[in-house]
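# Structural overview for review
Okay, here's what each chain looks like letter by letter:
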Amino acid sequence: MKEMRFDAAVVGGGAAGMAAALEFAARGLTCAVIEREEQLGGILMQCIHNGFGLIEFNEELSGPEFAERFEEKVRKTAITPLCSTTVIEMEVEGEEKVLSCVSSGLGVIRLRAKAVVLAMGCRERNRGNIRIPGSRPAGVYTAGLAQRLVNIEGYVPGKDVVIIGSGDIGLIMARRMSWVGCKVHAVVEILPYPSGLTRNIVQCLNDFGIPLYLSHLTTNIYGKDRVEGVEITPIENGALMLEKSFKIPCDTVLLSVGLVPENELSKNMGIEINPMTNGPYVDACLMTNIPGVFACGNVLHVHDLVDFVVEEARRAGAFAAEWLAGKRGGKEVRVKAGPNVRYVSPSKVAPARDNKLYLRTLVVKNDAVLEVKLNNKIVRQVKKSHVQPSEMITLTLGQAELEAAASAPDSVLEISIQ
Amino acid sequence: MSQELICITCPMGCHLTVEKVADGELSVSGNRCPRGVVYAREELFAPKRTVTATARAARACSGEAACAPSGEARLGGAPRRVPVRSTAAFPKDKVPALLEAIYALEVELPVESGKVLLADALGTGIDVIATRSIR
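Residues numbered from 1 in each chain as written. Chains lettered and ligands numbered in written order. Predicted model: local features only at pLDDT ≥ 70, side-chain atom pairs only at ≥ 80, totals over all residues. Heavy atoms only, no water.

## Brief notes about the packing of aromatic side chains
Between two aromatic rings, the relevant description is the distance of the centres plus the angle of the planes. Residues and elements named next belong to chain A. One pass over the full model with this rule turns up seven aromatic pairs over all chains. Ring centres of Phe57 and Phe70 lie 6.0 Å apart, and the angle between their planes is 65°; on these two criteria the pair is classed as edge-to-face. Here Phe57 is found in the loop between β3 (50-52) and β4 (61-62), whereas its partner Phe70 is found in helix α2 (residues 63-75), with 13 residues between them in sequence. Among the residues examined, Phe57 registers a relative accessible area of 19% and is labelled buried. According to the relative accessible area criterion, Phe70 is buried, its value standing at 1%. When the centroid spacing of 5.3 Å and the interplanar angle of 55° are considered together, the rings of Tyr213 and Phe246 count as tilted. Of this pair, Tyr213 sits in strand β13 (residues 212-213) while Phe246 sits in strand β17 (residues 246-249), and the two are 33 residues apart along the sequence. Among the aromatic side chains, those forming a connected cluster through ring pairs are Phe57, Phe66 and Phe70. (Phe/Tyr/Trp six-rings, centres within 6.5 Å; stacked < 30°, edge-to-face > 60°. Helix = DSSP H or I, 4+ residues; strand = E, 2+ residues; numbered from the N terminus. Buried < 20%, exposed > 50% of the residue type's maximum accessible area, 1.4 Å probe, protein only.)

Given below as C-alpha cells:
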C-alpha cells in the first residue's frame, strides 16, 4: 500500500477540481487531484458542443477545449494529478483527513491531507429514480450516457429516439442525435415549462422541428427485447388525462430528468446534506460541517454554466488555503430561501466581506423583483426581466447590505422573488 | 410589425423584440449586449449555427491493444472520435453538407486541439478544427 501526504486533496478532476487545485498551487501548497477517469476534464470531455467559457475566457469553446485550458495550467504547476484513481473512503483522523484510494497504476493508496475539497460533480437521475412503468427492454439510456457513447466511444445507440425530460443534456442530445442521422420524435416534459436553457430549445429542438410536449408524462415504455415505443399522457390541471394518451413508436429512449450531486463519499464521512440541493450544507467559506472539508461545483449544487462552477471552485480553493494558513471564519449570518426561491447556496454569509450567492427560483416570471431582507428589513432589491427555474441567479452581498448583522445576534438573511 | 426572438449567441438567452423600421433596418430591444442586435439581423436575413460534431479517429496500429478488430465493443481506453467544431457560425442551409464532409474525415492521431481539419469548408472561409488533443 502506498502512503502519500499533501497539504490538500481535491476529489474529482473536472472543472471544479482543477480550478480549486490551482488555488493551492498558487499559494505554494502541495495538492493532489484524484480523478477516476484516465484524464482530467470530467464531464466536459463528452460535452463537445460549444457555449463554454463565455465568462471565463470571453469566448465560446467546446467542453474539451475548456478542460484543456485548465489542464495545461495544472500541468505547469506542482499539482499531483492522480488519474484512473477512485476514492473509496474518506475518514477524519485527528487533524488529518485520510482518503483510501484505488488506482490502476499505483494500487491501493492511503492519502493524507489537512484539507479536502469535494469536487465530485453530479450524476444523472435514471429510470428507477422517476419510476416509469412498463417493461424493461434494451434501449433506455440516460442522455449523458448516450452522449458519451456517441461523442467519445463512437457508438450511436439507436435510430428512432424519444427524449424524456427537457434538461439541457437531453436538448443537446436531441440535436446531436439528429446530426448523426437519427430521427428524434419528441421531447416529453412533465412540467409546464422546459427545464433546459431557452437557447437550447431554439437551436436544438426548433431548428429540427422536434415537438416538445410540455405537461406530459411518460406512462409506459413498451417492448420485449428492445424498446418499441412509449406512451405519453397529457396532464391537465394536475390530473392525468388517460383517455388522451397516445403512443410514439421508437427504438431508443433517452432520459434527461435531472442531476443529483454525487455525495455517497461525503455522507459516509459524516457530512450533512441539504435536502434542497442534495449537496453539503456549507458556510460562507464553502466549508462543510467537517472542519477542513470544503465543497464546490456540481457536488455542492447543480450549476447551469461551467463558468459559475470554476468561479465557485476558485473561492473554495482560496478559502481552504486560508483555513490551512490558520484563518478561521468570523461571524456568519444564516441565509434562508424565502417565497418563490428553491434554494440559496451557500447557506451562510459573512457580514464583514463580499459574498457571492447562487440561487434558483421556483417560478417562471417576467419583471420579477429579487428581494433581500436582513432581519425582516429590505436591504436590497434587484429587478429581473425574466426568471425561470432552469436559469441560476447570482447575487453579491457585501458590507453595505449586511452591516446591521454585525451588531445584532442571530441575524437571518431572507431572499425571495416577488 | 414586431417579432419575438430568443438570442442564442450565449447561454443568457435574451428575449429579443425585433421591429422592422425602414428598408432592411431593424430596431432590437431586450438584448443585454450588442451581439443581440447582430444575432437578430442574421437570424432574420441569413441564419447561422456553430456546428459541433465528431470525426473518426484513424489510430495508427502500434500494438495489440490499439489493433482491436473493427466492430468489437471497446468501451473506455483511447477515444474513437475526435471532437470538432466550426471556427464560426456556419450558414444554416449548408450545415447538412458540412456534417457530411466532417463524417468523411479520418483524423490521424496524435492530434492537437485547434488543428485545422477542413480549411475553408464548402468555400465559406470557415474552418473546422479539432477541439481535443489526443496524444
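## Some points on the domain arrangement of chain B
Domain parsing of chain B yields domain 1 (2-45) and domain 2 (48-64 + 77-130). A C-alpha centroid distance of 30 Å is found between domain 1 of chain B and domain 2 of chain B. (Domains from an automatic or database assignment.)

## What to know about helix α5 (residues 168-179) of chain A
Residue and element names in this part refer to chain A. The end-to-end C-alpha distance of α5 is 17 Å, a good match for the 16 Å that 12 residues give at a rise of 1.5 Å each. Burial within α5 is extensive, with 10 of its 12 residues counted as buried. Looking at α5, one finds that the buried residues are Gly170, Leu171, Ile172, Met173, Ala174, Arg175, Arg176, Met177, Ser178 and Trp179. Just downstream of α5, Gly181 is the residue with a positive phi angle, here 100°. (Expected span 1.5 Å × (residues − 1).)

## Here we look at unusual backbone geometry
Across the chain, the bulk of peptide bonds are trans and the bulk of non-glycine residues have phi less than zero. Going from A:Ser345 to A:Pro346, the amide bond is cis rather than trans, its omega being 0°. Structurally, A:Pro346 can be placed in the loop between β24 (341-345) and β25 (348-349). Along the chain, B:Leu109 connects to B:Pro110 via a cis peptide bond; the corresponding omega equals 0°. Phi at A:Asn375 is positive, roughly 50°, even though this residue is not glycine. Along the polypeptide, A:Asn375 turns up in the loop between β27 (365-374) and β28 (377-387). Of note, B:Asp120 is a non-glycine position whose phi angle comes to about 45°, a positive value. With respect to the helices and strands, B:Asp120 occurs in the loop between β9 (116-118) and β10 (128-130). What makes B:Asp120 partly exposed here is its relative accessible area of 41%.

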